[in-house]
Amino acid sequence: MEGASEETLTSVSSLVTVFENSRMTGAGPRVHGLEAGHQQPGCRAPTSAGPWEKPTVEEALESGSRTVSRRYLSSLKNKLSSGAWRKSYQPRTCPGSETQEPEEKKIVRELLETEQAYVARLHLLDQVFFQELLKEARSSKAFPEDVVRLIFSNISSIYQFHSQFFLPELQRRLDDWTTTPRIGDVIQKLAPFLKMYSEYVKNFERAIELLATWTDKSPPFQEVITRIQSSEASASLTLQHHMLEPVQRIPRYELLLKEYVQKLPGQAPDLADAQKALDMIFSAAQHSNAAITEMERLQELWDVYQRLGLEDDIVDPSNTLLREGPVLKISFRRSGPMERYLFLFNNMLLYCVPRVIQVGAHFQVRTRIDVAGMKVRELTDAEFPHSFLVSGKQRTLELRARSQEEMISWLQACQAAIDQIEKRNETFKAAVQSPEGDPQEQELQSMELGLRAPQWVRDKMVTMCMRCQEPFNALTRRRHHCRACGYVVCARCSDYRAELKYDANRPNRVCLDCYTFLTGNVLPEEKEDKRRGILEKGAVAGSEQSLICSFLQLLGDKWGKSGPRGWCVIPRDDPLVLYVYAAPQDMRAHTSIPLLGYQVTAGPQADPRVFQLQQSGQLYTFKAESEELKGRWVKAMERAASGWIPGGPNNKDLSD
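Residues numbered from 1 in each chain as written. Predicted model: local features only at pLDDT ≥ 70, side-chain atom pairs only at ≥ 80, totals over all residues. Heavy atoms only, no water.

Observations regarding the packing of aromatic side chains
Piece 1. Going through the model one piece at a time under the given rule, you end up with twelve aromatic pairs.
Piece 2. Residues phenylalanine 161 and phenylalanine 193 carry aromatic rings whose centres are separated by 5.8 Å and whose planes lie at 35° to one another, so their mutual orientation is tilted. Residue phenylalanine 161 is found in helix α6 (residues 155-175), and its partner phenylalanine 193 is found in the loop between α7 (184-190) and α8 (197-217); the two are separated by 32 residues along the sequence.
Piece 3. Consider the rings of phenylalanine 551 and tryptophan 567, whose centres lie 4.9 Å apart with planes at 75°: the pair is edge-to-face. Linking phenylalanine 551 in strand β12 (residues 546-555) with tryptophan 567 in strand β13 (residues 565-571), this pair joins segments that are 16 residues apart in sequence.
Piece 4. By relative accessible area, which is 14% here, tryptophan 567 ends up buried.
Piece 5. Three or more aromatic residues joined by ring pairs form one cluster here, namely Phe161, Phe166, Phe193 and Tyr253.
Piece 6. In this structure, arginine 323 is placed above the aromatic ring of tryptophan 410, and the distance from its NZ or CZ to the ring centre is 4.5 Å.
Piece 7. Positioned over the ring face of tryptophan 644 is arginine 639, at 5.4 Å from the centre of the ring. (Phe/Tyr/Trp six-rings, centres within 6.5 Å; stacked < 30°, edge-to-face > 60°. Helix = DSSP H or I, 4+ residues; strand = E, 2+ residues; numbered from the N terminus. Buried < 20%, exposed > 50% of the residue type's maximum accessible area, 1.4 Å probe, protein only. Lys NZ or Arg CZ within 6 Å of the ring centre and 35° of its normal.)

Written out as structure tokens, the structure is:
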């Protein structure tokens, strides 16, 4: 046993000597594998390689050094629980060797052999590649020394740890196996130092990119690498292949130690220590995984940064990309939605416009909305299904997803980011979503007026000013939006300026009511509210507290110039009157019909959706969008015509 160990150490020493000689002599005879120098006598090296070994790496490097990137690194995390790579690292038991050796000792021997090969490769990286490139940089000044140090990161510390501490401890313990059959205590003592791998792994992709850049850029740099790669010491493998070894090493420790714990007898003295050592190795593997994840996260941020044309400073260690994707923006002025793109981070939402000519940047940032103070909720809109509202301090957006599932996914992602910000700051209470149709969500609360961007009422939802109730027209009374409350108002009612905090205290156009609230100025006498007319019952208020409301087509000459369709409402607080508005957000109805005493009859049999109201020569004809909706209207009008009042004695609620 001792003779075999001495042979193995001798073979490693010989291999290191070859490395040193190669630095002086340049190219030499090639061998087919690094492990060829430390086989057991009489044994053949395994010919099949698992996914952790040469074939996978060579495929990754086949098209050039730049191909060793995130895709390969991501696969490492998925292979942590896989034992496939172990096929090429089975204990090398030769015919005729001692067959009674315990299974746990075979695994320890395998650990030692792979560690010897690993230390030899670290020696190649640190003492040959690294030192030779530093020497060339100092002498020729053809490339900076800092580039060399960035490429090899902390490889010198890793090499010293394994060559001076880990490998000698393993060797001594295997030599003394008869008296001390254990390795758990050794690994426990040294495992915390394995966390130094995080720095190397985090720097790996950048190192590969620098290596490719300077290989193309500097002939002396390329000449040094080519000379070492063609030497016997490099075993016909590229520098990129050797640099992958530290990235793969800790998962190998974990798998070997798992098998060691499984093979130990139940009463083995090393069982408790080995299990604790396995937990510590797992922690080191998690550090390595976390480094890979962090590297991928920063790479994602950089990709987004480039797609935005370097317009926004988002590459920050505290930022995390949570979700991105296309949405449709519901316009307040146009009839159709517009294509937009969202990037949701842990601290902000970027609202972007796709560029027509995507040369360099793919998107232009229109608005940045802070997650702190942001609110989201689903919108109920028959015209735009799958729509949702994003309300932030900087702006409020009505957006439409491509499907119900996508809308729910956006809402959940935004709400998760909001909850995380509020939890971390501890100065905000958890956002409580108001129930659908809550008036506090429909009209901005006065305490928030000017502090956050309002939800704008769409132009087509109103036909008259929401303050003075005068009808709009294209020439003399055009539509404007109050920047404080979002109402659609006329020029006369919005001829005021007030500073709004959400817009950096810049003066903005506001309506008279908001101007009075925000500035505290007394309402001018000529602007005082007129006495409320009989038709001045807001459609919004009526819809939220109505027995029934919907659009109905208005047929016949009876309606005059009011239009082919009206928003019809029977309010709960005025259940015997039908109000007809031109649009759902109008503040004044253009027609009101007292229903008491009217007869409700079916219309022409050619269309079952038509019904009529008739009394003393008065005839109103309506057409519903469906027979089911017509039935509900007929029932509501018949009850109102008979004097039915909700909540009265012996009356049932009409709501379906």
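Comments concerning helix α4 (residues 103-140)
Piece 1. Between its terminal C-alpha atoms α4 stretches 54 Å, which fits the 56 Å expected from 38 residues at 1.5 Å a residue.
Piece 2. Burial of α4 is extensive: 30 of the 38 residues sit out of reach of the surface.
Piece 3. Lysine 141 occupies a position one or two residues after α4 and carries a positive phi of about 55°. (Expected span 1.5 Å × (residues − 1).)

Observations regarding the sheet that holds strand β14 (residues 577-581)
Piece 1. Taken together, the seven strands give an open sheet; going across it, the order is β15-β14-β13-β12-β18-β17-β16, and neighbouring strands pair in antiparallel fashion. The open sheet has two edge strands, β15 (591-594) and β16 (599-602), and neither has a second partner. The mean inter-strand angle of the sheet, taken between neighbouring strand axes irrespective of direction, is 35°.
Piece 2. Across the face of the sheet, helix α16 (residues 627-641) comes into contact with β12, β13, β14, β16, β17 (610-615) and β18 (618-623) while running at roughly 115° to β12. (Pairing = 2+ DSSP bridges. Axes fitted to C-alpha atoms, helices over the stretch in contact; angles between N-to-C directions. Contact = heavy atoms within 4.5 Å.)

Section: unusual backbone geometry
Piece 1. The phi dihedral of lysine 141 falls on the positive side, at around 55°, and the residue is not glycine.
Piece 2. Residue placement: lysine 141 occurs in the loop between α4 and α5 (145-152).
Piece 3. On the basis of relative accessibility, which here comes to 63%, the residue lysine 141 falls in the exposed class.
Piece 4. We note that alanine 504 has phi near 55°; this positive angle belongs to a residue other than glycine.
Piece 5. Turning to its location among the elements, alanine 504 is positioned in the loop between β10 (496-500) and β11 (506-510).

Remarks on the sheet that holds strand β7 (residues 396-400)
Piece 1. An order of β4-β3-β2-β1-β7-β6-β5 is seen for the seven strands of this open sheet, with the pairing classed as antiparallel. With one partner strand each, in any of the chains shown, β4 (363-370) and β5 (375-378) form the two edges of the open sheet. Taking each pair of neighbouring strands and ignoring which way they run, the sheet shows an average axis angle of 30°.
Piece 2. With five bridges connecting them, strand β6 (residues 387-391) and β7 associate as antiparallel partners. Looking at the pairing, valine 390 lines up with leucine 397 of β7.

Looking at the pairing of β7
Walk down a regular strand and you will see the side chains alternate between the two sheet faces.
Piece 1. A large share of β7 lies buried, amounting to four of its five residues.
Piece 2. The turn linking β6 back onto β7 is made up of four residues.

Points about the pattern of salt bridges
Piece 1. Taken as a whole, this structure holds 23 salt bridges when the rule is applied.
Piece 2. The network of salt bridges with shared partners includes Glu101, Lys105 and Arg109. (Salt bridge = Lys/Arg side-chain N within 4 Å of Asp/Glu carboxyl O.)

Topic: the pairing of β12
Piece 1. Relative to β13, β12 runs antiparallel, the two sharing seven bridges. Opposite leucine 552, over in β13, you have glycine 566 as the bridge partner.
Piece 2. Note: β12 against β18, three bridges, orientation antiparallel. For leucine 554, the partnering residue across the bridge sits in β18 and is phenylalanine 622.

Points about the environment of alanine 212
Piece 1. Turning to its location among the elements, alanine 212 is positioned in helix α8.
Piece 2. With 28 residues separating them along the chain, alanine 212 and glutamine 240 place their C-alpha atoms 9.7 Å apart.

Concerning the packing of α4 against helix α9 (residues 219-229)
Piece 1. Interhelical geometry of α4 versus α9 gives an angle of 150° and a closest axis separation of 10 Å. In terms of orientation, α4 and α9 fall into the roughly antiparallel class. Considering only the axes of α4 and α9, their crossing is right-handed. Between α4, through Leu124, Val128, Phe129, Glu132, Leu133 and Glu136, and α9, the contact on the second element is made entirely by Pro220, Phe221, Val224, Ile225, Arg227, Ile228 and Gln229.
Piece 2. Across the contact of α4 with α9, the residue classes break down as nine nonpolar, one polar and three charged. (Parallel < 35°, antiparallel > 145°, perpendicular 65-115°, else oblique. Left-handed = near helix turned anticlockwise from the far one by under 90°. Nonpolar A, V, L, I, M, F, W, Y, C, P; charged D, E, K, R; others polar.)

Quick look at the nonpolar core
Piece 1. Ile151, Phe152, Ile187, Met243 and Tyr260 are the most contacted members of the largest nonpolar core, which totals 67 residues.
Piece 2. Looking at this core, the elements that each hand over two or more residues are α4, α5, α6, α7, α8, α9, α10 (239-263) and α11 (271-307).
Piece 3. Considering each element in turn, this core owes the most residues, 15 residues, to α4.
Piece 4. Every residue in contact with isoleucine 187, bar those within four places of it in the chain, is listed here: Leu111, Phe166, Leu257, Ala277 and Ile281. (Core = buried A, V, L, I, M, F, W, Y, C linked by side-chain atoms within 4.5 Å.)

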